[in-house]
Amino acid sequence: VGTKLYIKYHWQSQNVKQSGVDDMVLLSKITEDAIVENLKKRFMDDYIFTYIGPVLISVNPFKQMPYFTDREIETKCPVCICVHTYICMCYACGTYNPIGESGAGKTVAAKYIMGYISKVSGGGGKVQHVKDIILQSNPLLEAFGNAKTVRNNNSSRFGKYFEIQFSRGGEPDGGKISNFLLEKSRVVSQNENERNFHIFYQLIEGSSAQQKEALGIMTPDYYNYLNQSGTYKVDGTNDSKEFQETMEAMQVIGIPGDCQMQALHIVAGILHLGNISFIEAGNYGQVESPDLLAFPAYLLGIDQNWLQEKLTSRKMDSKWGGKSESINVTLNQEQACYTRDALSKALYARLFDYLVEAINKAMQKPIEEFSVGVLDIYGFEIFQRNGFEQFCINFVNEKLQQIFIELTLKAEQEEYVQEGIKWTPIEYFNNKIVCDLIENKLNPPGIMSVLDDVCATMHAKGEGADGTLLQKLQAAVGTHDHFNNWNSGFVIHHYAGKVCSGACKPGIKVKWLNRHKKHQLKFLLFPENLNTDKKGRPTTAGSKIKRQANELVDTLMKCTPHYIRCIKPNETKRPRDWEESRVKHQVEYLGLKENIRVRRAGFAYRRVFKKFLQRYSILTPETYPYWRGEEKQGVLHLLRSVNMDTDQYQMGRTKIFVKNPESLFLLEEMRERKFDTFARAIQKAWRKYIARRKYEQMREEASDILYNSKERRRNSINRNFVGDYLGMEERPELRQFLSKRERIDFADSVTKYDRRFKSIKRDLILTPKGIYLIGREKVKKGPEKGQIKEVLKRKLDIGSIRSVSLSTRQDDFFILHEAQYDSLLESMFKTEFLSLLCKRYEEQTKAKLCLTFNDRLEFRLKKEGWGGGGTRSLVFQRGQGDTAQVKPAGKNLNISVGDGLPKTSTQFSRASTRSQEQMYSTPDKRSRPPNAALPKLGSQKGRRAPAAQTQNANLDFLNVPDQGMSGMQRKRSISQRPPPAPTSRPKVQPRSHGPRCRSLYQYVGQDVDELSFEANEVIDLVKEDPSGWWTGRLRGKEGLFPGNYVEKI
């Protein structure tokens, strides 16, 4: 209804941690032990949801789970429970039924359902108002209808069927609540370690000082209705805060302010009524302390003396000879206590009904169109003392279990018949026999009929009523297989276990309070007119709950139900605590094994043809991405392509049925392998692209540092940045000077010059922390005497560097200026080093590193002892060739080098950014810069590129002038191949000796005509080219490689 649900599947969805199976239809063994073990695995790994086909299994985690946040709902990717909820909305009348024992999590599941529906549906003024009421009804009904029990800190002591009504556009525009059998006995008595309803404690803790004075509020231990169990607090519950939420909910729902205050008067009045005690005076009951009558009478709006009279006497109507006569009968002490408690229970029950009706009035709509029903009803209960309320609660759960069995089997049978699939009926326990034992009217009469008859005749005599009830039950149903006598009660064999019940306290009809309607709320609670002549036998609680249960069954049978089977893992209410025997018992009585067997019925998996094709189409090229033809034929083609045995599946009319879980697992594994292969190909291409972009960006940033300041070498303008030129991963002798996990940005072997301009090799290492200069010395003492060892010569912190000086020419010299003394270094990869150094310096100091460019540079020397110090100068001059010529002259070092590329040179054309983007999209290699270390300026293929690009335009004026005889001879030698050798001559062996070179670093070829090699490999040198791209032969393959990656040998 309304918004569509989009569920995104990720290719790695099955690569995450797996815990058991999420659909227990796919269990290899169908036993209670296997089911419990699967649930335990998932519970311990925080997977609280499992399912059996359309039935959800929810295990209470006793902690907040990150499944129902606003983010999950906004991304339309909620977990199981929300998906099930949304499925329900596809039906004109859908119901959602959480089932399980007390404390299993039914109420929380129902709240999440209503909250989810409220958030994903449409908006508008009226719609938003209904949404607010839906959400605010929860705290209000929980305050008046929930309580702490020994099994659950927030147990629902009433049942409700919340019907959310929708417009045709899928917007919630109405609703209705039906409540069932509030546990009224809890108002007057509680078991040990339990509490009364939450509202009593909320009122005591959360009311203001003025309200406490007006209502006579004391501490909880003062009231007899609260101090019986000795429990007043609940861990994790803030009664004061929840009282404010309850009052706010009343306001949102639209209850008038005076009615809100009168509701609090009734709650406080019930507490004060409980403190009224009675004594025996001449076989008659009498109020022990008449002073205690004043405050409850004031709060209830009735006369004090009249209240005393009605608590100690009752009016009986009799007929004799067609005449009616009323007689006032004085009650004994026991009867007076029953009357007081009956008054308190009646007041509370009618107040609860009033609140439910107020919610319904606020949400009512004239015409019902579409609806989703959420049933939140009390769970199966077995207490130490099981009274009438537990008897009724367990009866309703029997009825729901009966419906679950009937509808599940009915749905399964209809699906198999509709699809033409043969199946064998599954044996199961039909609990209709237990329902008949409780609710039958005649032949034989059920327990409720016998109970009504006893209550109508015994008139508030406790012990006599119990004995009479047991005698009549023995006579009526004593031979029933699911009924036994007990020493002080009777035993019923429910589907969830044996329950011992007793203590039939008679009900007393309260119908006199409406004569004193001083307040509006009292009139709404007691609208009956007692002056009428028609006075019959009042409806008993047993008859009422039986009628409500049957009405609920009729409603559910008209809808499309969806179930949550809630399981309580322990009695400690602590997370990650698993009680094996308790869970196994719940698995047994919930009928999960039978449900799985019915669901499978010989086939573990079923799916409509279209969805099956969508999921597994990737397995064959004919079905991916689309199957062109009949869907059934596409499924058959797919199954035959994966060689699945024909006895492992069966084709229905619209669905495919797979027999064993292992067959489905095989399909899933093949599907994941396909996705994995495709994903790896995409990742490889993407990573390659990202790496190229990254290196291009690094080169451009490095070029910007020297742009318009220093001439560039031809061989370095477009070189790849490797970073580690020393192979630090395999150099522990160098890593010993670094921290354990210190990352290396740059590592290279450089030349350092001392005060006499003597050169010496140093290993230069740049990390985010600093710069390391590592040299080598001969050990003079100890067992390692004479050996060469690595020594840390200098360490510079990044922040201590003041500036870096370079010349304007194409040399490789640079000076690191520091506070104590400077270092003169020469490195072929200075541009890469400087770019990384500038980046690290800016990260640490938040400032730009100062770079100085001049053809006369000075650097300070290190002071040594009494002498040393001073400065030295570098003078750069124009010379010949690309190699720098060094000539010391006293305190000066003269360096001459030929002209390099202009200072404005860069790897990309700054005039057009379009050419920069075409380097990855143009298929012709000749129209883009190479991806390797150097431009292929010397290759013949590269030299012919300009002619190929200008063939469509008349650009003859740009042609090179005639080269004369030498040029003609060169062209002829290139264009003409030598004639083939005679066949009789032996094949010429490859030349074994000639120019060779050794690779200094690893190089990975970027194009098909390039060589790839590792460090320290020997390459046959075929041709050297001034561009820097040399031609060589390695392992029988001839190709290009960068000359600055090798050294001649």
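Residues numbered from 1 in each chain as written. Predicted model: local features only at pLDDT ≥ 70, side-chain atom pairs only at ≥ 80, totals over all residues. Heavy atoms only, no water.

**Notes on the overall build of the chain**
Okay, step 1: Counting its secondary structure elements, the chain contains 29 helices and 38 strands.
Okay, step 2: The burial tally for the chain puts 48% of its 1049 residues in the buried class.
Okay, step 3: Considering only residue pairs separated by 6 or more positions, the chain has 65% of its internal contacts joining residues 24 or more positions apart. (Helix = DSSP H or I, 4+ residues; strand = E, 2+ residues; numbered from the N terminus. Buried < 20%, exposed > 50% of the residue type's maximum accessible area, 1.4 Å probe, protein only. Contact = heavy atoms within 4.5 Å.)

**Digging into the sheet that holds strand E32 (residues 885–889)**
Okay, step 1: Ordered by their spatial adjacency, four strands build an open sheet running E28-E31-E33-E32, and the pairing between neighbours is mixed. Both outer strands of the open sheet, strand E28 (856–860) and E32, are each paired with one neighbouring strand and no more. Averaged over all pairs of adjacent strands, the angle between their axes in this sheet comes to 20°, without regard to strand direction. (Pairing = 2+ DSSP bridges. Axes fitted to C-alpha atoms, helices over the stretch in contact; angles between N-to-C directions.)

**With respect to the packing of helix H21 (residues 609–616) against helix H22 (residues 631–641)**
Okay, step 1: The geometry of H21 relative to H22 is characterised by a closest axis approach of 9 Å and an angle of 40° between their N-to-C directions. Here H21 lies oblique to H22, going by the angle between them. The two elements H21 and H22 cross, and the hand of that crossing is left-handed. The residues of H22 that touch H21, namely those facing Phe609, Lys610, Phe612, Leu613 and Tyr616, are Glu631, Lys632, Gly634, Val635, Leu638 and Leu639. (Parallel < 35°, antiparallel > 145°, perpendicular 65-115°, else oblique. Left-handed = near helix turned anticlockwise from the far one by under 90°.)

**Some points on the UniProt feature "binding site: ATP" (unreviewed entry) in the chain**
Okay, step 1: Per the UniProt annotation, the sites labelled "binding site: ATP" (unreviewed entry) are Gly100, Glu101, Ser102, Gly103, Ala104, Gly105, Lys106 and Thr107.
Okay, step 2: Structurally, Gly105 is set in the loop between strand E3 (93–99) and helix H4 (106–120).
Okay, step 3: Residues within four places of Gly105 in sequence aside, it is in contact with Asn60 and Cys566. (UniProt positions renumbered as here; feature names shortened; annotations may be inferred.)

**Examining the pairing of strand E6 (residues 159–166)**
Okay, step 1: Burial analysis of E6 places eight of its eight residues in the buried class, the great majority of the element.
Okay, step 2: Neither face of E6 is left uncovered, since the one carrying Gly159, Tyr161, Glu163 and Gln165 and the one carrying Lys160, Phe162, Ile164 and Phe166 both have all their residues buried.
Okay, step 3: Relative to strand E7 (residues 172–180), E6 is paired through eight bridges, and the arrangement is antiparallel. Residue Glu163 lies in a different strand from E7, and its bridge partner there is Lys176.
Okay, step 4: Connecting E6 to the next strand, E7, in antiparallel fashion are five residues, including Gly170 with a positive phi near 85°.
Okay, step 5: Sheet topology note: the E6/strand E12 (residues 370–376) ladder contains seven bridges and is antiparallel. Bridging from a neighbouring strand, Phe162 pairs with Val374 of E12.

**As for the nonpolar core**
Okay, step 1: With 78 residues, the main nonpolar core has Phe144, Phe200 and Tyr348 as its most contacted residues.
Okay, step 2: Ranked by residues supplied to this core, first place goes to helix H12 (residues 333–363) with 13 residues.
Okay, step 3: Sequence-distant contacts of Phe144, defined by excluding residues within four places in its chain, comprise Leu182, Phe197, Ile199, Thr246, Met250, Val267, Tyr348, Leu351, Phe352 and Leu355.
Okay, step 4: Core analysis: the second largest hydrophobic core is formed by 76 residues, Ile57, Phe404, Tyr589 and Leu619 among them. (Core = buried A, V, L, I, M, F, W, Y, C linked by side-chain atoms within 4.5 Å.)

**Section: the sheet that holds strand E35 (residues 1018–1023)**
Okay, step 1: Within the open sheet, the five strands sit side by side as E37-E36-E35-E34-E38. Their pairing is antiparallel. Every interior strand has two partners, whereas the edge strands, strand E37 (1037–1042) and strand E38 (1046–1048), have only one. The mean inter-strand angle of the sheet, taken between neighbouring strand axes irrespective of direction, is 45°.
Okay, step 2: Sheet analysis places E35 next to strand E36 (residues 1029–1034), joined by three bridges and oriented antiparallel. Among the inter-strand pairings, Lys1023 is bridged to a residue of E36, identified as Thr1031.

**Here we look at the confidence of the model for the chain**
Okay, step 1: Taken over all residues, the pLDDT of the chain has a mean of 78, while the share at 70 or more is 78%.
Okay, step 2: Taken as a whole, residues 506–518 scores under 50 in pLDDT and shows 32 contacts with residues more than four places along the chain or in a different chain. (pLDDT = per-residue confidence, 0-100.)

**A closer look at the pattern of salt bridges**
Between side chains of opposite charge, pairing is possible as soon as their charged atoms come close.
Okay, step 1: Taken as a whole and assessed by the stated rule, the structure comprises 43 salt bridges.
Okay, step 2: Arg582 is paired through a salt bridge with Glu579; the nearest N and O atoms lie 3.7 Å apart.
Okay, step 3: On the basis of relative accessible area, Glu579 is assigned to the partly exposed category, the value being 24%.
Okay, step 4: Among the salt bridges present, the one from Asp822 reaches Arg860, with a minimum N-O distance of 3.5 Å. Here Arg860 lies in strand E28 and Asp822 lies in the loop between strand E25 (813–818) and strand E26 (823–826), a separation of 38 residues in the sequence.
Okay, step 5: According to the relative accessible area criterion, Asp822 is buried, its value standing at 8%.
Okay, step 6: On the basis of relative accessible area, Arg860 is assigned to the partly exposed category, the value being 29%.
Okay, step 7: A single salt-bridge network, built from bridges that share partners, covers Arg157, Glu183, Arg186 and Glu194. (Salt bridge = Lys/Arg side-chain N within 4 Å of Asp/Glu carboxyl O.)

**Considering the environment of Ala747**
Okay, step 1: Its location among the elements puts Ala747 in strand E20 (residues 746–753).
Okay, step 2: The class of Ala747 is buried, set by a relative accessible area of 0%.
Okay, step 3: With 20 residues separating them along the chain, Ala747 and Gly727 place their C-alpha atoms 8.2 Å apart.
Okay, step 4: If near-sequence neighbours (up to four positions away) are discounted, Ala747 is found in contact with Gly723, Asp724, Tyr725, Leu726, Met728, Leu764 and Ile765.

**As for the side chain of Arg157**
Okay, step 1: On the secondary structure map, Arg157 appears in the loop between strand E5 (155–156) and E6.
Okay, step 2: Reaching out from Arg157, the side chain makes a polar contact with the side chain of Ser155 at a distance of 2.7 Å.
Okay, step 3: Reaching out from Arg157, the side chain makes a polar contact with the side chain of Glu183 at a distance of 2.6 Å. (Polar contact = N/O pair within 3.5 Å; in protein donor to acceptor, adjacent residues only side chain to side chain.)

**What to know about H12**
Okay, step 1: The terminal C-alpha atoms of H12, which comprises 31 residues, lie 46 Å apart, in line with the 45 Å expected from a rise of 1.5 Å per residue.
Okay, step 2: Most of H12 sits out of view: 24 of its 31 residues are buried.
Okay, step 3: The opening residue of H12 is Asn332, an N-cap whose side-chain oxygen sits 3.2 Å from the backbone nitrogen of Glu334. (Expected span 1.5 Å × (residues − 1).)

**Overview of the packing of aromatic side chains**
Describing an aromatic ring pair means giving the distance of the ring centres and the angle of the ring planes.
Okay, step 1: With the rule as written, the count across this model stands at 25 aromatic pairs.
Okay, step 2: Pairing Trp686 with Tyr689 gives two aromatic rings, centres 5.7 Å apart and planes at 40°, and the pair type is tilted. Of this pair, Trp686 and Tyr689 both sit in helix H23 (residues 661–706), three residues apart, roughly one helical turn.
Okay, step 3: An angle of 40° between the planes, with centres 5.4 Å apart, marks the rings of Tyr753 and Phe813 as tilted. In this pair, Tyr753 sits in strand E20 while Phe813 sits in strand E25, placing the two residues 60 residues apart along the sequence.
Okay, step 4: Judged by its relative accessible area of 2%, Phe813 falls in the buried class.
Okay, step 5: Chaining the aromatic ring pairs together yields one cluster made of Tyr725, Phe746, Phe814, Phe829, Phe833, Tyr1001, Tyr1003, Phe1013, Trp1030, Phe1041 and Tyr1045.
Okay, step 6: Its guanidinium or amino end placed over the ring of Tyr201, Arg195 lies 4.0 Å from that ring's centre, counting from NZ or CZ.
Okay, step 7: Cation over ring: Arg794 sits above Tyr821, and NZ or CZ is 3.7 Å from the ring centre. (Phe/Tyr/Trp six-rings, centres within 6.5 Å; stacked < 30°, edge-to-face > 60°. Lys NZ or Arg CZ within 6 Å of the ring centre and 35° of its normal.)

**Quick look at the packing of H23 against helix H25 (residues 830–845)**
Okay, step 1: At a minimum axis distance of 9 Å, the contact between H23 and H25 shows a crossing angle of 90°. Between H23 and H25, the crossing angle belongs to the class labelled roughly perpendicular. Note on element contacts: H25 touches H23 through Thr831, Leu834, Ser835, Leu836, Cys838 and Lys839, opposite Met698, Glu701, Ala702, Ile705 and Leu706.
Okay, step 2: Looking at the contact of H23 with H25, its residues break down into seven nonpolar, two polar and two charged. (Nonpolar A, V, L, I, M, F, W, Y, C, P; charged D, E, K, R; others polar.)

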